[in-house]
Protein chains: 2
Amino acid sequence: MSWQPNRQSATTLQQQIIQWITAQVERGDWVAGTKLPTQRQLALQFDVNRSTVQQALEELKAIGLLEARVGSGIYVTHNSWHTLIQQTQPNWQTYIETSLHKPNYHTIQLINDYEQRDEMIRLGTGELAPSLLPIKEIEASLQELSFQPKALGYSSPQGNEQLRIAICNYVKKRGIDAEPQHVCIVSGALQALQLIAVGLLEQGSIVFQESTSYLNSIHPFQSVGMQMMSVQRDKQLAQTLTQRKRQAVFYAIPTLHNPTGDVWTAQEKRTLYEACQAARIPIIEDDVYHELLFEAPVPPIKAMDSSGQVLYIGSVSKTLSPGLRIGWLIGPTTVIERLADIKMQTDYGSSAISQEIVLHWLQSGKYDQHLSDLRQQLQQRADFVEQILQEKFQEVASWQTPKGGFYIWLKFHQPIVDKEFFMRLIQRQVLINPGYIYNPQDHHHIRLSYAYASYEELWEGLEILYECAVKSMDFY
Amino acid sequence: MSWQPNRQSATTLQQQIIQWITAQVERGDWVAGTKLPTQRQLALQFDVNRSTVQQALEELKAIGLLEARVGSGIYVTHNSWHTLIQQTQPNWQTYIETSLHKPNYHTIQLINDYEQRDEMIRLGTGELAPSLLPIKEIEASLQELSFQPKALGYSSPQGNEQLRIAICNYVKKRGIDAEPQHVCIVSGALQALQLIAVGLLEQGSIVFQESTSYLNSIHPFQSVGMQMMSVQRDKQLAQTLTQRKRQAVFYAIPTLHNPTGDVWTAQEKRTLYEACQAARIPIIEDDVYHELLFEAPVPPIKAMDSSGQVLYIGSVSKTLSPGLRIGWLIGPTTVIERLADIKMQTDYGSSAISQEIVLHWLQSGKYDQHLSDLRQQLQQRADFVEQILQEKFQEVASWQTPKGGFYIWLKFHQPIVDKEFFMRLIQRQVLINPGYIYNPQDHHHIRLSYAYASYEELWEGLEILYECAVKSMDFY
Ligand SMILES: Cc1ncc(COP(=O)(O)O)c(C=O)c1O
Ligand SMILES: Cc1ncc(COP(=O)(O)O)c(C=O)c1O
């Protein structure tokens, strides 16, 4: 054992060590069951850092050539030969672990997963029930579509121009003055956030937001190295924003906040706008629930934006169909052009057919008609769920009467909402969205959705939720 | 002038200086036309680095409060008050310039732009002519669609399961053995590359590829900090791959390469596969032109992949419609699950309607039927263009007879293809894809597409191309 890696070689020391050990096994010098020298001894022999040895050994363990026996050391495995023959695959696990994008939180992966199972009662889902989607009407409208010759080709960077015009007309009703060049069609609001993250912010930028937020359950910003910073919308806000040391944006959901259901007053909107204006910080106004207010909405922040400081996001996911994957982003031309350029580099535009469908629904008036039906149905569902809450949950939880949208932000009197609680409900075939995915410190809340489950399921699911909650509270 | 910034403050020195100077102007202490002290004097006064002063002044110039007069110094501008009132916008340009994602090359932005103009003859477009898209048939098939209640909701991470089954059956015919769990539906092949870039590679990873490549015209990898490395597929290849110092992948377009039109033999595929296997490097096999070979295709590399080393990419963009934005990625389950998780975080899945359409076309046999028509039409167009080339271009250029797909990789005898040449053709309303967007060193080639322009336009466009080429060659 007098070999040492070659420091002049183009191959890394670690790689050379891996190759050398592999060769020992391959040539039969080290047979199955051979105990390796300690890491310190190997480091000495190879004249390298211990961490280099350790990393090489880790990789060899990962591929199954070596194994650690607890308290005893590292050995050549008994199926090492088999491994050598088999192990022609790249080490995918290493690729995955070292890559740039973070995985979803485990709880959210589980939610994505269990949502596929028909037997689950989905008490938290942020999506309209299939029965609330106008499926028959969408099918019917497909028959009314006819495409211009170019409509099914690659799209222009900002998306279908007719659709952009229709969106400008549509948002005019809520007080937003926009021209087609201020609009970029996106594949849902989530993509808009993604584009802003990579197209407008430098690494380490600050994303200000409220402490409980949809943005904590996904991570378009976190994945590219932005810092999330929770702030309170109080008297100190303007000062906090001004004192930032880095580029920043403010992310807000002023209408029917996900998950809290909060609706800001006109005054609250103005206060935020002015604080951000003084600090020269752009606002991302995520307004995907705008259409679902039970009462007439107050104009969005974007409506008071004379200086091009607000990036405004809308979507048809919460109203018409999430499967269409169509949303829009409205902002100053320079910003929109920039983000459209990146969109082209990302996916060459959104589905042309989905765009045509949304255009048809906006132009024909079908959309507005559908919305007024939808609000009624959501109101009924909200009433139904609140009735159950009032009958059963008064002693264990509190909540606000919802003003629209999908959610009741149910607060248990005790901090019982942890992963175990979530899993216990899964065992009883009830799927919830626990508050901690929106605020890691929060173990009091769950996001209850009255939009997805059927009336029977809502009834049954809430019964089970109640039982589990009471059981958990007994520990307090 | 005895103020100094406060080093204990949470606000950066630069920001404090900006605020202080702004205040001087606001209070009227420094009126329009005031000449500022030199940067050195200011740095001394503030007791900060000159670069801090410089950056603060730059920002104040950017917003129009100050201006530099050449050779004289820095002054308060005459519309500084106006600026102060107006300047409430965030400085978008700074946001854009410092952000993570690179802009498209200017030539490509121009191409995206001019492609929107009807008067242009598009000699380079990588897209089927509207007349080759089965628009009427797609419209008709929309009438045959009917959706399951859940079909228009948010999608499962890997996409429509029926579609994944149909894709498995479809690729079986080319020798690929895949199960639905090995498939992820993507919004076009480009998105597949994007997902691999952020979901499997660490920063600084190496993407091996041929020196001329589609990947140089887009930058899903470059934008997230990967190193592109051109390699020749020669005897040294295996060694080059093994000697890498970092994680790596090999990107290949073995069938109807974009832009060269090359088609690898079975032997070439095997050689690459074995070299990558020895080096344990994954292969990205981009096979979006597979269906468009005029002769029967050789099985893809993925068909020989027993060890899960190849990530295989297909798409309907080049065959049915780019506007659908549907492609697929086939690979080992762990990898697919990982990339599907990121896809969920990126855009919550691809358009459900587009997926249903592709499913319908695959299942009904319409797709295969359409493909055989399409290949014939492309063959006719290829013959037509080659005829013109033979009549006119023999003395100025050379080329290979195309084996399928859209492109002829036309090589001029002189290196005349630069940005000026590109712009001169635009002035004559002819849009080309110059070779340098696929290989920055290449000024000999253009990618000629016979797939997009009409026969008349092809004739006229080639005439103009010929004239411009001859004119440019006269300089040599
Ligand atoms: C506040 C908020 N923004 C954005 C989204 C994403 O919407 P889309 O489906 O349009 O991407 C959601 C959906 O959960 C949401 O609640
Ligand atoms: C080799 C290659 N890969 C991928 C793509 C992108 O295809 P899609 O439209 O499916 O994203 C193209 C289209 O230009 C291409 O030529």
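Residues numbered from 1 in each chain as written. Chains lettered and ligands numbered in written order. Predicted model: local features only at pLDDT ≥ 70, side-chain atom pairs only at ≥ 80, totals over all residues. Heavy atoms only, no water.

**Q** Any chance you could break down the overall build of chain A for me, citing the residues and the numbers?
**A** When helices and strands are counted, chain A shows 16 helices and 15 strands. For chain A, the C-alpha atoms occupy an extent of roughly 80 × 60 × 55 Å along the three principal directions. Across chain A, contacts joining residues at least 24 apart in sequence account for 72% of those joining residues at least 6 apart. Element-wise, carbon and sulfur atoms account for 47% of the exposed surface of chain A, whose accessible area totals about 18900 Å². With 40 positive and 49 negative side-chain charges, chain A shows a spacing of 7 Å between the two charge centroids. (Helix = DSSP H or I, 4+ residues; strand = E, 2+ residues; numbered from the N terminus. Contact = heavy atoms within 4.5 Å. Areas by Shrake-Rupley, 256 points an atom, 1.4 Å probe, with all protein chains shown as cover. Lys, Arg positive; Asp, Glu negative; His and termini not counted. Charge placed at Lys NZ, Arg CZ, Asp CG, Glu CD.)

**Q** I'd like to hear about the pattern of salt bridges, residue by residue, with values.
**A** This structure, assessed with the given rule, holds 35 salt bridges over all chains. Glutamate 139 of chain A is paired through a salt bridge with lysine 136 of chain A; the nearest N and O atoms lie 3.3 Å apart. On the criterion of helical spacing, the pair formed by glutamate 139 of chain A and lysine 136 of chain A is a turn pair, its members being three residues apart in helix 7 (residues 135–142). By relative accessible area, lysine 136 of chain A is classed as exposed at 56%. Put simply, lysine 392 of chain B and glutamate 463 of chain B hold a salt bridge, and the shortest N to O gap is 2.7 Å. A residue pair is termed long-range when its members are at least 10 positions apart, and lysine 392 of chain B in helix 14 (residues 366–392) and glutamate 463 of chain B in helix 16 (residues 455–473) qualify at 71 residues. (Salt bridge = Lys/Arg side-chain N within 4 Å of Asp/Glu carboxyl O. Buried < 20%, exposed > 50% of the residue type's maximum accessible area, 1.4 Å probe, protein only.)

**Q** Go over the side chain of glutamate 210 of chain B, please, and point to the residues and values.
**A** All names here are of chain B. Relative to the helices and strands, glutamate 210 is located in the loop between strand 5 (206–209) and strand 6 (227–230). Look at glutamate 210 and you get buried, because its relative accessible area is 16%. Here arginine 233 takes part through its side chain, which lies 3.3 Å from a polar atom of the side chain of glutamate 210. Among residues more than four places away in sequence, those in contact with glutamate 210 are Ser230, Val231, Arg233, His257 and Trp264. (Polar contact = N/O pair within 3.5 Å; in protein donor to acceptor, adjacent residues only side chain to side chain.)

**Q** Any details on the interface of chain A and chain B? Residues and values, ideally.
**A** Taken together, the contacts link 108 residues of chain A with 108 residues of chain B. Across the chain A to chain B interface the summed buried area is about 8900 Å²; carbon plus sulfur atoms make up 55%. Seen at the junction of chain A and chain B, the total is three salt bridges. Aspartate 118 of chain A is paired through a salt bridge with lysine 150 of chain B; the nearest N and O atoms lie 2.9 Å apart. Counting across the chain A and chain B interface gives 26 residue pairs in polar contact (both at pLDDT 80 or more). Among the elements of the structure, helix 5 (92–98), helix 6 (106–114), helix 7, helix 9 (189–200), strand 7 (248–252), helix 12 (333–347) and helix 13 (352–364) of chain A are those that each provide at least two residues to the side of chain A that touches chain B. (Buried area = accessible area lost by both parts, 1.4 Å probe.)

**Q** So what's going on with the nonpolar core? Which residues, and what values?
**A** Counting 252 residues, the largest nonpolar core has Phe412 and Leu465 of chain A together with Phe412 and Leu465 of chain B as its most contacted members. Setting aside residues up to four positions removed in sequence, leucine 465 of chain A forms contacts with Leu123, Phe393, Leu410, Phe412, Phe421, Leu425, Ile432, Ile446 and Leu448 of chain A. (Core = buried A, V, L, I, M, F, W, Y, C linked by side-chain atoms within 4.5 Å.)

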